Amino acid sequence: MAVAATQTGTPSSKHNIEAMRDAFYARIAQKDMAPLWKVMKSVVTKEPVTRCQPHVWHYADVKSLVMESGGLITAEEAERRVLILENPALHGESRITNTLFAGVQMIMPGEVAPAHRHVSSAIRFVLDGEGAYTAVEGEKAFMAPGDFVITANWAPHDHGNPSDKPMLWLDVLDFPAVNFYEASFAEHFEDATQATRRKDGDSLAFYGSGVLPDGTHAMNRSPVINYTYARTRPIVERLMQSGDIDRRHGARVRYANPVTGGPVLPTMSACLAMLPKGFRGEPYRSTDGTIFVCVEGRGTTAVDGKVLEWGPNDVFVVPPWKRYSHNAPEQSVLFSISDRPAQEALGIWREGN
Ligand code: GTQ
């Protein structure tokens, strides 16, 4: 504009400068350069811009389709039999938010998902079934609904189901973020299952009870593999009963690395919240896009003018910096996962109302 104003102001000179600029842009493109001033506002945005949409996946649909996939491919053949929960605005991109992948994995009785490892970290949240395990670094964690299991960067892991019921869980992995950095590695092991080097449940027994074995070193991820619902639910219930209820989040705990007090993984963190009957949450927003699972109860979450209705095992996503508020006509429990620790490590995380 300022440049045009210094011209004579006739339509032809204005046309002339535009033509000169366009010719210039075409020439610099030949040299792999571009004018920042044409894109400044869209690359340095005043507020977060997200391509994600708020969305809910109802468990009735998810379960029947995942069960159907069991008749089409074995876990061994698929390596991981998972149906991806794709954000409706990001079809084909294998992600639920810009940085996180989510999917529902099923292991049928007697099946094994063979051992491998990768840079991407995983969080698994158990939806259905009991008695299947995930073996992480030679330790088996047997799982029940509401349990939350981590698989850290490069930790070898395989899954198996010696029970007589299918087991379904929600997987959340950070590979969209890892791939953004183009830093992914993965490898497979010769043997489908790992030789167990530690007693089942050792990690929770050793590190999860307010004591630590002598010589425990701090790591950037939790030494506990399985955070059980049996242990965490009574804590949020007690928090709620004592009136310690956040006006936005309800009675909420954050899963912690017991050695450092920090998040369970450097790239992802998780919380469990109990919402009292009749809870009407105040609005909240933060720069971490968040994936929620309804563990118990029933309610709605208003996000950016859209109302997501949820019940047991429904999964819903709130995009970064979209204002949301929870409403729970009955007592409910929500589990949530986000990339907050990654953003905090980079100094870019913000919250607001
Ligand atoms: O269980 O290791 O949902 O490697 C996606 C990739 C699960 C797993 C997924 C994986 C896994």
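Analysis parameters
Residues numbered from 1 in each chain as written. Predicted model: local features only at pLDDT ≥ 70, side-chain atom pairs only at ≥ 80, totals over all residues. Heavy atoms only, no water. Buried < 20%, exposed > 50% of the residue type's maximum accessible area, 1.4 Å probe, protein only. Helix = DSSP H or I, 4+ residues; strand = E, 2+ residues; numbered from the N terminus. Arc of directions from axis to C-beta. Contact = heavy atoms within 4.5 Å. Pairing = 2+ DSSP bridges. Phe/Tyr/Trp six-rings, centres within 6.5 Å; stacked < 30°, edge-to-face > 60°. Lys NZ or Arg CZ within 6 Å of the ring centre and 35° of its normal. Near = heavy atom within 4 Å. Polar contact = N/O pair within 3.5 Å; in protein donor to acceptor, adjacent residues only side chain to side chain. Areas by Shrake-Rupley, 256 points an atom, 1.4 Å probe, with all protein chains shown as cover. Nonpolar A, V, L, I, M, F, W, Y, C, P; charged D, E, K, R; others polar.

Visitor: Help me understand helix H4 (residues 59-69) in this model?
Guide: Side chains three or four residues apart in an α-helix point the same way, a direct result of the helix having 3.6 residues per turn. Among the residues of H4, those classed as buried are Tyr-59, Val-62, Val-66 and Ser-69. Summarising the axial view, the buried residues of H4 lie within an arc of 95°, below the 170-degree limit, and thus occupy one face. Turned more than 90 degrees away from the buried face of H4, the exposed residues are Ala-60 and Glu-68. Looking at the buried residues of H4, the elements they touch are strand E1 (55-57), strand E2 (82-84), strand E3 (101-107), strand E5 (122-128) and strand E10 (167-173).

Visitor: Looking at this model, I keep getting lost on the pairing of strand E19 (residues 306-310). Mind explaining?
Guide: Two faces, one strand: in a regular strand the side chains alternate between the faces of the sheet. Alignment of strand E18 (residues 299-303) against E19, held across five bridges, turns out to be antiparallel. Of the residues in E19, the one forming a bridge with Ala-302 is Val-307.

Visitor: Looking at this structure, I do not really get the packing of aromatic side chains. What am I missing?
Guide: This structure, assessed with the given rule, holds 16 aromatic pairs. Measuring from ring centre to ring centre gives 5.3 Å for Phe-148 and Tyr-227, while their planes differ by 40°; the resulting arrangement is tilted. Placement of the pair is Phe-148 in strand E8 (residues 148-151) and Tyr-227 in strand E12 (residues 226-227), with a sequence separation of 79 residues. This pair shows no difference in class: Phe-148 is buried, exactly as Tyr-227 is. Taking the centre distance of 5.9 Å and the plane angle of 65° together, the rings of Tyr-255 and Phe-335 count as edge-to-face. On the criterion of sequence distance, the pair formed by Tyr-255 in the loop between strand E13 (251-254) and strand E14 (269-275) and Phe-335 in strand E22 (residues 332-338) is long-range, its members being 80 residues apart. Residue Phe-335 is classed as buried on the basis of its relative accessible area of 0%. Taken together through their ring pairs, the aromatic side chains of Phe-125, Phe-148, Tyr-227, Tyr-255 and Phe-335 make up a single cluster. The side chain of Arg-340 reaches across the aromatic face of Trp-349, ending 3.8 Å from its centre.

Visitor: What exactly am I supposed to notice about the site of the ligand here?
Guide: Every residue close to the ligand is listed here: Arg-80, Val-82, Phe-101, Gln-105, His-116, His-118, Arg-124, His-157, His-159, Asp-171 and Leu-173. One of the side-chain N or O atoms of His-116 is found 2.8 Å from an oxygen atom in the ligand. Between the ligand and the protein, one listed contact pairs an oxygen atom with a side-chain N or O atom of His-159 at 2.8 Å. When the free accessible area of the ligand is taken as 290 Å², the share hidden by the protein chains comes to 90%. Elements supplying a minimum of two residues to the shell around the ligand: E3, strand E4 (112-118), strand E9 (157-160) and E10. Considered class by class, the residues forming the shell around the ligand number three nonpolar, five polar and three charged.

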